[in-house]
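Spelled out from the first residue to the last, the chains are:
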Protein chains: 2
Amino acid sequence: MLTSIRNSSVLTAQFRLGACRVGNATTLKASQLFSRKQQRFAHTPTRNAGFKQLTSADIEQFKSMLPSETILATPAVGGSSDPVELEGFNADWLNKYRGASQLVLRPKSTQEVADILRYCNENQIAVVPQGGNTGLVGGSVPVHDEVVLSLRNLNKIRGYDEVSGVLACDAGCVLEELDNYVAERGHTMPLDLGAKGSCHIGGNVATNAGGIRFLRYGSLHGSVLGLEVVLPDGTILDNMSLLRKDNTGYDLKQLFIGSEGTLGVITGVSLLTPRRPAAVNVAVLGVSSYEQVQVAFKLARQRCGEILSAFEFWDASCMGAVLHHHALRNPLSSEFPFYVLIETSGSNKSHDDEKLSELLEELMEAEVVEDGALAQDDSQIAKMWTMREGIPESLGKTGATYKYDVSIPIPVLYDVVGDIASRLEAAGLYKQGDTTRPVKLVCGYGHIGDSNLHLNIVADKFQDKVTDIFEPFVYEWVQSHRGSISAEHGIGLMKRDYLKYSKSSPMIDYMKRIKSLFDPKGILNPYKVV
Amino acid sequence: MLTSIRNSSVLTAQFRLGACRVGNATTLKASQLFSRKQQRFAHTPTRNAGFKQLTSADIEQFKSMLPSETILATPAVGGSSDPVELEGFNADWLNKYRGASQLVLRPKSTQEVADILRYCNENQIAVVPQGGNTGLVGGSVPVHDEVVLSLRNLNKIRGYDEVSGVLACDAGCVLEELDNYVAERGHTMPLDLGAKGSCHIGGNVATNAGGIRFLRYGSLHGSVLGLEVVLPDGTILDNMSLLRKDNTGYDLKQLFIGSEGTLGVITGVSLLTPRRPAAVNVAVLGVSSYEQVQVAFKLARQRCGEILSAFEFWDASCMGAVLHHHALRNPLSSEFPFYVLIETSGSNKSHDDEKLSELLEELMEAEVVEDGALAQDDSQIAKMWTMREGIPESLGKTGATYKYDVSIPIPVLYDVVGDIASRLEAAGLYKQGDTTRPVKLVCGYGHIGDSNLHLNIVADKFQDKVTDIFEPFVYEWVQSHRGSISAEHGIGLMKRDYLKYSKSSPMIDYMKRIKSLFDPKGILNPYKVV
């Protein structure tokens, strides 16, 4: 039962939602965003000559292991697929990275995955595992002619325990479909992200995805209870525990969480799904400075405590792009330098309303927040989330987007945006509001509660004279502030050369030893991570 | 401000707290619990002849690295310490495992730890790292003459960020002292366990300790943000991240969480401390059957949702022992087959009171719970917790206690207690209420929310004819129910031979490879885990 918010008459005047006109977010195709002719990022590693080049004999071998409809092979390797058919597997979501694979395999069982990998390992054939291909660091597409091993046909739910909330499923299940499945049983997936309609749970685990509910439900290192992983030599590591607690030896599954498909191929996942909150509230607030954003965050944690499930922020540039490209109207009375989205999720609607309404009153009275809108129903909640989740797509539609995903201590988190804007201005490449310059926007949004900034630079095209202004500067900046050069997106191809900015030599040395232990021939997702 | 509970007049009649007369729990000495003459557990592995036996030349080397007051060496190795002085380092908390180390080193810095390990590694000297020595599986004491490397002098807090709640500290800090420290700053440690007054945070991490707040704050795999680890060759792996999100390469620190000191020595820990709840409520309930315990748990999760912070249970045998040895009076009107402790922790006292009181009313009305007591103040809360946390100590005072810590799916979790009692009865070793038999009690308690049972068998002494009745039966039983033979206590020496009941051969094979990777000479905590 929906209980009205205390002092709602007071709040109504100050918190209102504009007539949002956005439809449902749709899954993007790379081709919708960018021209295929645009320049690829530089620094592509040379092909490792040790890897075998596929022949028709290899294709025949794969045909003996797999149903024919699961194989896409071009004439170049003795198949009959049009190379255009392979385009979606060769290019990443942002069309920033593109490989030239001639073969895509889409196995339907863990055993088929094992058979494929054993053959590739014996024959020194390089393989790139691919989930929903929604990554942002070039980790899920081939660099050269690696075989694409798509997990999309491994998409069954294996079991669900409604008492404990433990879900066991194949790696290729789509996150949103899993969330719908557990929602019908009163639970929620412990992670949520903009790509939920396309990304696979296996890919989420392989990249240790964060997302917008991290603040509430924490890391996948805590939520994942078990994994089934196929190693390059075809060994199936069955660690599909359904137990919350299991202290029997080294927790090997943890190594695969965030290893980006370079140590083994995740084929099965079991994880804990929390109870679905009975009540969800969302408010969008207008804030005059980044300092006030921090004050609002501190107060929100104090007042809303255990029900605070998201605290997101974005700047005026992001808001401009998302309102324009999603044809939304600003729900607030005027424009602000910063916007905050607060979400609460709890088990008792009237308690949650009271906590949030006290917080909002306090924020208004203390003039931390200048205006705000409080969603009145699920539809308004969805529209408010579009303002935040629609930002990446809107920036992508604005131009070629350089994306950096960094962790920085909260007090200085937004400073990097200004510092990079200044460098671009000094180089004559950017001037705020001047659309004739090569760089159109330098902007930031992200998850305050997790110290996680998404720094985006939108240019007319990707070009070295722009890139060189902020690379490796951005990594040096993050290192000097003891941050992480990849908060949640991972390393992939994009950041492999920059790993040293966040990890010491001994750490990188041991990462390489771990890689050699599990993948001694280096066939799995080569050129990535370490 | 304390707000009275809704319908408190109704509740007062049904929920009341007896006049508990317990004092503060004290840290136990092994000698208080058991005679030193009692039989040690069988199956001690043979000493590895490859390990060097210490000489006075080695002691001289250690003296050149460390302040003399940090070295305890017996005359047998050229020192002057009385072997009795080393007793506390050689024997475990339960006096079940005992080594014969002649040398204890208590370094004061990470560099000293590195110097010690490098020397030991070069000279093939076996080492057992030791924290608070409160483990229950023989993991923290020598098996033979390993050098004891005690972390107790590494006990400084390195830093605390009150905005993010991130704590960085040395491994030898005592858990309770850390909790007091962060409590003063409005936060709480994300784990709590009976041994908190003695155990070290480094040991907690090394054993992936669970405890009573696991239900709320989850696993250390999620809470630990960074580690500093010294490898056997003296390499210092600095992974002391202070960030919630850091996806830069393989998450190596995860391997050391739960590795029980066999891969490296943890010297520093950083972890996330949640905000301390403003309101805590505790109730103890009397329940007529294990089925009703489950019904109560399900309802508690529905009604209390995000504020439920503990749901513990114990049986009548445990209650009898704890009331007797702690001189407590049962707060309920009569005896029950099962008792449940419910704790809520939240940010708003009146909201929490309302949620809990609705739950308790519903449980009483549905006759799930027959009687209950609700703590009215902090002192009563502490006494109720003593009823649960005092169980291990009370059973220890009752006799020689065989302890099994297992994960089992909730519906069949308590069945193992009855099955083992039946086997002991059939062998003539046990009859309920008959104190003349070798086995006095077969009982169970634990964390329902985590599917975690502590199965305890209390006998007059440890002897093979008793042990053989339930070992390996208990492990086979757990395996057949897809449980874990160690939910939170770890493997140590006790369960190394039984690891196969919870992990497959390929998993154990890769654990051994990981061990060889980090500790190729096998000097670190030998004879344990794998």
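These numbers were taken from a predicted model, which means no experiment stands behind them.

Enquirer: Lay out the sheet that holds strand 7 (residues 224-230) of chain B with the relevant residues and their values.
Expert: Backbone-to-backbone hydrogen bonds join strands into a sheet, with any given pair of strands oriented parallel or antiparallel. Residues and elements named next belong to chain B. Across the sheet, which stays open at both edges, the 5 strands sit in the order 5-6-9-7-8 with antiparallel pairing between neighbours. Every interior strand has two partners, whereas the edge strands, strand 5 (157-161) and strand 8 (236-239), have only one. Taken pair by pair, the neighbouring strands of this sheet meet at an average axis angle of 10°, ignoring direction. Here strand 7 pairs with strand 9 (residues 265-272) via 6 bridges, running antiparallel. Residue pairing in the sheet places Val230 in a bridge with Val265 of strand 9. Relative to the sheet, helix 5 (residues 110-122) contacts strand 5, strand 7, strand 8 and strand 9, its axis offset from that of strand 7 by approximately 45°.

Enquirer: Could you give an account of the relation of the copies chain A and chain B, with specific residues and numbers?
Expert: In the superposition of chain A on chain B (RMSD 0.0 Å, axial shift 0.0 Å), the rotation amounts to 180°. Taken together, the rotation angle and the small translation identify this as a two-fold axis. Proximity to the rotation axis, assessed at the C-alpha, singles out Gly222 of chain A in chain A; its C-alpha lies 2.1 Å from the axis. An overlap of 99% is found between the interface residues of chain A and their copies at the interface of chain B, pointing to a shared contact surface.

Enquirer: Requested: an account of the packing of helix 3 (residues 56-65) of chain B against helix 5 of chain B, with residues and values cited.
Expert: Residues and elements named next belong to chain B. Their axes nearest at 10 Å, the elements helix 3 and helix 5 cross at an angle of 155°. Taken together, helix 3 and helix 5 sit at an angle that is classed as roughly antiparallel. You can see that helix 3 and helix 5 cross each other, and the crossing is right-handed. Mapping the contact onto sequence places Ala57, Asp58, Gln61, Phe62 and Met65 in helix 3 and Glu112, Asp115, Ile116, Tyr119 and Cys120 in helix 5.

Enquirer: Tell me what's going on with the sheet that holds strand 2 (residues 103-105) of chain B, and back it up with residues and numbers.
Expert: Residues and elements named next belong to chain B. What the 4 strands build is an open sheet, ordered 1-2-4-3; its pairing is mixed. The open sheet has two edge strands with one neighbour each: strand 1 (71-73) and strand 3 (127-130). Strand-to-strand twist of the sheet, defined as the mean angle between neighbouring strand axes without regard to direction, takes the value 20°. Relative to strand 4 (residues 147-150), strand 2 runs parallel, the two being bridged by 2 bridges.

Enquirer: Let's hear about the UniProt feature "domain: FAD-binding PCMH-type" (unreviewed entry) in chain A: which residues, and what values?
Expert: Under the UniProt annotation, "domain: FAD-binding PCMH-type" (unreviewed entry) lies at residues 97-276 of chain A. Taken end to end, residues 97-276 of chain A is 22% helix and 22% strand, and its two terminal C-alpha atoms sit 37 Å from one another.

Enquirer: Tell me about the environment of Leu356 of chain B, residues and numbers included.
Expert: Along the chain, Leu356 of chain B falls in helix 13 (residues 349-365). On a C-alpha basis, the gap between Leu356 of chain B and Thr344 of chain B in space is 7.6 Å, while along the polypeptide they are 12 residues apart.

Enquirer: Give a description of the interface of chain A and chain B that names residues and reports values.
Expert: With 85 residues of chain A at the contact, the number on the chain B side is 84 residues. Considering only the surface of chain A that becomes buried against chain B, Lys245, Asn247 and Tyr250 of chain A emerge as the three largest contributors, covering 15% of it. At the boundary of chain A and chain B, one finds 8 salt bridges. Ionic pairing is found between Arg244 of chain A and Asp450 of chain B, a salt bridge with its closest N-O pair at 3.9 Å. Where chain A packs against chain B, one counts 36 residue pairs in polar contact (both at pLDDT 80 or more). When residues of the side of chain A that touches chain B are traced back to their parent elements, those giving at least two are helix 8 (214-217), helix 9 (220-223), strand 8 (236-239), helix 10 (253-256), helix 11 (290-304), helix 13 (349-365) and helix 19 (505-518) of chain A. Element by element, the count of residues in the side of chain A that touches chain B is highest for helix 19 of chain A, at 9 residues.

Enquirer: Quick rundown of the pattern of salt bridges? Include the residues and the values.
Expert: Within this structure, the stated rule accounts for 56 salt bridges over all chains. With a shortest N-O distance of 2.9 Å, Asp434 of chain A and Arg437 of chain A are connected by a salt bridge. Linking Arg158 of chain B and Glu228 of chain B is a salt bridge whose minimum nitrogen-to-oxygen distance equals 2.9 Å. You can see Arg158 of chain B sitting in strand 5 and its partner Glu228 of chain B sitting in strand 7, a full 70 residues away along the chain. Owing to a relative accessible area of 10%, Glu228 of chain B belongs among the buried residues under this scheme. Shared partners join several salt bridges into a network, and the residues in it are Asp192, Lys196, Arg213, Glu343 and Glu389 of chain A.

Enquirer: How would you sum up the pairing of strand 4 of chain B? Please name residues and give values.
Expert: Regular strands place their side chains on alternate faces of the sheet. All names here are of chain B. Of the two faces of strand 4, both are covered, the one formed by Val147 and Leu149 as well as the one formed by Val148 and Ser150. Where strand 3 and strand 4 come together, 4 bridges link them in parallel fashion. Residue pairing in the sheet places Val127 in a bridge with Val147 of strand 4.

Enquirer: Before we move on, can you summarise unusual backbone geometry with the specific residues and values?
Expert: All names here are of chain A. With an omega of 5°, the peptide bond between Glu471 and Pro472 qualifies as cis. Assignment of secondary structure puts Pro472 in the loop between helix 17 (464-470) and helix 18 (473-480). Although it is not a glycine, Asn133 sits at a positive phi angle of roughly 55°. With respect to the element layout, Asn133 can be found in the loop between strand 3 (127-130) and strand 4 (147-150).

Enquirer: Any chance you could break down the packing of aromatic side chains for me, citing the residues and the numbers?
Expert: With the rule as written, the count across this model stands at 42 aromatic pairs over all chains. A centroid spacing of 5.2 Å and a plane angle of 75° characterise the contact between Phe62 of chain B and Tyr119 of chain B, whose relative ring orientation is edge-to-face. Here Phe62 of chain B is found in helix 3, whereas its partner Tyr119 of chain B is found in helix 5, with 57 residues between them in sequence. Take Phe62 of chain B and Tyr119 of chain B: they sit in the same class, and that class is buried. Members of the aromatic cluster, connected to one another through ring pairs, are Tyr402, Tyr404, Phe462, Phe470, Tyr475, Tyr498 and Tyr501 of chain A. When the ring centre of Phe214 of chain A is taken as reference, the NZ or CZ atom of Lys245 of chain B above it lies at 4.9 Å. A cation over an aromatic ring shows up here: Arg513 of chain B above the ring of Tyr510 of chain B, its NZ or CZ 4.4 Å from the ring centre.

Enquirer: Explain the side chain of Asn239 of chain A to me, and be specific about the residues and the numbers.
Expert: For Asn239 of chain A, the location among the structural elements is in strand 8. We classify Asn239 of chain A as buried; its relative accessible area is 10%. Each residue touching Asn239 of chain A, except ones within four places of it in the same chain, is listed here: Leu225, Gly226, Leu227, Asp251 and Lys253 of chain A together with Lys503 and Met507 of chain B.

Cut-offs and rules
Residues numbered from 1 in each chain as written. Chains lettered and ligands numbered in written order. Predicted model: local features only at pLDDT ≥ 70, side-chain atom pairs only at ≥ 80, totals over all residues. Heavy atoms only, no water. Pairing = 2+ DSSP bridges. Helix = DSSP H or I, 4+ residues; strand = E, 2+ residues; numbered from the N terminus. Axes fitted to C-alpha atoms, helices over the stretch in contact; angles between N-to-C directions. Contact = heavy atoms within 4.5 Å. Least-squares fit on C-alpha atoms with pLDDT ≥ 70 in both. Parallel < 35°, antiparallel > 145°, perpendicular 65-115°, else oblique. Left-handed = near helix turned anticlockwise from the far one by under 90°. UniProt positions renumbered as here; feature names shortened; annotations may be inferred. Buried area = accessible area lost by both parts, 1.4 Å probe. Salt bridge = Lys/Arg side-chain N within 4 Å of Asp/Glu carboxyl O. Polar contact = N/O pair within 3.5 Å; in protein donor to acceptor, adjacent residues only side chain to side chain. Buried < 20%, exposed > 50% of the residue type's maximum accessible area, 1.4 Å probe, protein only. Phe/Tyr/Trp six-rings, centres within 6.5 Å; stacked < 30°, edge-to-face > 60°. Lys NZ or Arg CZ within 6 Å of the ring centre and 35° of its normal.

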